[in-house]
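# Residue-level structure breakdown
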Amino acid sequence: MVEGGIAKADKTEFTECWRTTWKTPYIMRLAFSAGIGGFLFGYDTGVISGALLFIKEDFDEVDKKTWLQSTIVSMAVAGAIVGAAVGGWINDRFGRRMSILIADVLFLIGAIVMAFAPAPWVVIVGFGVGMASMTSPLYISEASPARIRGALVSTNGLLITGGQFFSYLINLAFVHTPGTWRWMLGVAGVPAIVQFVLMLSLPESPRWLYRKDRVAESRAILQRIYPAEEVEAEMEALRESVEAEKADEAIIGDSFGAKLKGAFANPVVRRGLAAGVTVQVAQQFVGINTVMYYSPSIVQFAGYASNSTAMALSLITSGLNAIGSIVSMMFVDRYGRRKLMIISMFGIISCLIILATAFSQAAIHAPKIDALESTTFSPNATCPAFAPLATPNAPPSGWNCMKCLRSECGFCASGVQPYAPGACVVLSDDMKATCHSKGRTYFKDGCPSKFGFLAIVFLGLYIVVYAPGMGTVPWIVNSEIYPLRYRGLGGGIAAVSNWVSNLIVSESFLSLTHALGSSGTFLLFAGFSTVGLFFIWLLVPETKGLQFEEVEKLLEAGYKPSLLRRRNKAIGADTA
């Protein structure tokens, strides 16, 4: 393997991945079958956003209370935290394949429950989402040749974004169907059945089998993945790695508690966790899943009131996410994980600042309130907060559409010009119907604005810069940065950190938009992203093209960014 240090990673082209999988289609079969877990992950996280619009229509209490909307989204995330935590232990104890099969059963049960439950209970499917989020990339990683591992693990990211795109198509398909949100959530059972059947015919991870002393089975699978001349080198690398881990195990024990204690006592695992947890937390605090969970709502914040229009525009953003995942597959093994993430973070920060500016301008230049129309629109129609202040010829200063909505009222736009003054009226379904009956648009989440289109454009650009880097690469890093003995545990800890961060962000997003406004919320995410960029630069090494055993040696030596290494050398030279 490696003598005298770490071998330099080759510049692997995207075409190498397809050349290898064309010669050995079994590799793509393994990656695609396991990657359906990513598709389910994407579908179940994406479908919530559209379903939420119709859940609000079926449950008045949900429509009135943003914390209930956040809780519905967060129920699935809370389930994912448990699924990821338990999934790490199941992966190490029973194998990657068994973990995927269990996740499929949970997806199916969750889909059935969501379709028939009297209320939107989504927590069960979250267990499956959590397990799939860390198991699918782990399985693909351990069944992939090192030179194309990044591209193949990116297929999981592509299928996640593909699942999100498909979820928006399903949302649009069922817009006019009775039981809308039940159909949207229940469809998730179909791909779970498909993956379950496919995985029954596929083997366990060769590295997990070798770790369990099933050497002949491990060799047989490696012979189907690697060229004949590379199999023995892989087997020798596995032997050295497993022997070192067994020696470690003899000292600390094999119980879960002992393994957890041993992981934090091991400097290689600690450094791996520092990098793995950093990229997973950063992935969430750039705000991406608020965009995916709430993208129809964000589109409405930008001034597009129709549910169908909001979901159609959200379909475009999810499509851009899928395209970005293809870009990641093309470049992750060529330019490296670290570089893609850093470039991605610079783009994300820029887009978030521009989005914050766009939403700020939209709020400032929102249509004014027509005091006469607001007080004479229809009997008892005037917004309660506006009525005491209004006189027909002198509307209260500072009142525009945005002020009206923040007072928990609705805005009935002018029927003459889209940005002309309109009526500030009570927030109710009856008033919405009255407004529509006069050929006008009723707004309750956002205001008509000339800046709305600009916000949509940069929302799309935000997805474009996010997907190739921070979208897929954190999962690649976590599938390859831990020693074999701790890979399930390390991946589980990192996945839990991802889902806990996801829960914090998704649970607080709607409340933040009401407290800070859309502009302040996106600016806050820009600040979090800047902090994340610094820690990625500081803690995350480059692992492109390296064998798992080479990654271990890299972490044994410790990692410092090149800038700090040069500084230390300069200080050492001055001291000498």
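Residues numbered from 1 in each chain as written. Predicted model: local features only at pLDDT ≥ 70, side-chain atom pairs only at ≥ 80, totals over all residues. Heavy atoms only, no water.

### A closer look at a nonpolar patch on the surface
Together, Val82, Val86, Trp89, Phe94 and Met98 line one region of the surface with nonpolar side chains, adding up to about 430 Å² of accessible area. The element best represented in the nonpolar patch is helix α4 (residues 66-94), accounting for four residues. Locating Met98 in the fold gives a position in helix α5 (residues 96-116). Taking relative accessible area as the criterion, Met98 reaches 37% and is therefore assigned partly exposed. (Patch = residues over 30% accessible without salt bridge, like charges linked within 9 Å, V, L, I, M, F, W, Y side chains within 5 Å. Areas by Shrake-Rupley, 256 points an atom, 1.4 Å probe, with all protein chains shown as cover. Salt bridge = Lys/Arg side-chain N within 4 Å of Asp/Glu carboxyl O. Helix = DSSP H or I, 4+ residues; strand = E, 2+ residues; numbered from the N terminus. Buried < 20%, exposed > 50% of the residue type's maximum accessible area, 1.4 Å probe, protein only.)

### Quick word on helix α23 (residues 487-539)
Between the first and last C-alpha of α23 there are merely 19 Å, a value that for 53 residues lags more than 12% behind the 78 Å anticipated at 1.5 Å per step. The sharpest bend along α23 comes to roughly 110°, located at Leu516. (Expected span 1.5 Å × (residues − 1). Bend = angle between axes of the 7 residues up to and from the residue.)

### Structural notes on the environment of Ala467
By secondary structure assignment, the location of Ala467 is in helix α21 (residues 452-471). For the pair Ala467 and Met341, spaced 126 residues apart in sequence, the C-alpha to C-alpha distance is 9.7 Å. Those residues in contact with Ala467, other than ones at most four positions away along the chain, are Asn321, Gly324, Ser325, Ser328 and Thr472. (Contact = heavy atoms within 4.5 Å.)

### A look at the nonpolar core
Core analysis: the biggest nonpolar cluster contains 79 residues, and Ile225, Met341, Ile348, Leu355, Tyr462, Met470 and Ile536 have the highest contact counts within it. With residues up to four places along the chain from it excluded, the contact list for Ile225 reads Thr24, Tyr26, Ile27, Leu30, Ala143 and Pro145. Within the second largest apolar cluster, 38 residues are counted, among which are Phe54, Phe107, Val129 and Val187. (Core = buried A, V, L, I, M, F, W, Y, C linked by side-chain atoms within 4.5 Å.)

### Points about the state of the cysteines
All told, the structure shown has three disulfides when counted by the stated rule. A sulfur-sulfur separation of 2.0 Å characterises the disulfide bridge that pairs Cys383 with Cys409. The disulfide joining Cys383 to Cys409 has a torsion of about 65° about its S-S bond and is therefore right-handed. With Cys383 in the loop between α18 (371-376) and α19 (401-406) and Cys409 in the loop between α19 and β1 (410-412), this residue pair connects regions lying 26 residues apart in the sequence. Accessibility classification places Cys383 together with Cys409 in one group, the buried group. Here Cys404 is linked by a disulfide to Cys424, with a sulfur-sulfur distance of 2.2 Å. (Disulfide = S-S within 2.5 Å.)

### Here we look at the side chain of Asp104
The topology assignment puts Asp104 in helix α5. It turns out Asp104 is buried and unbridged, and the closest side chain with the opposite charge, Arg97, is 9.6 Å from it. (Lys, Arg positive; Asp, Glu negative; His and termini not counted.)

### Let's talk about the packing of helix α14 (residues 267-285) against helix α24 (residues 548-557)
Packing of α14 against α24 leaves a shortest axis separation of 8 Å and a crossing angle of 95°. Between α14 and α24, the angle falls in the class roughly perpendicular. Contacts from Val268, Arg271 and Gly272 of α14 reach α24 at Glu552, Leu555, Glu556 and Ala557. Partitioning the contact of α14 with α24 into residue classes produces three nonpolar, one polar and three charged. (Axes fitted to C-alpha atoms, helices over the stretch in contact; angles between N-to-C directions. Parallel < 35°, antiparallel > 145°, perpendicular 65-115°, else oblique. Nonpolar A, V, L, I, M, F, W, Y, C, P; charged D, E, K, R; others polar.)

Geometry only, nothing functional implied.
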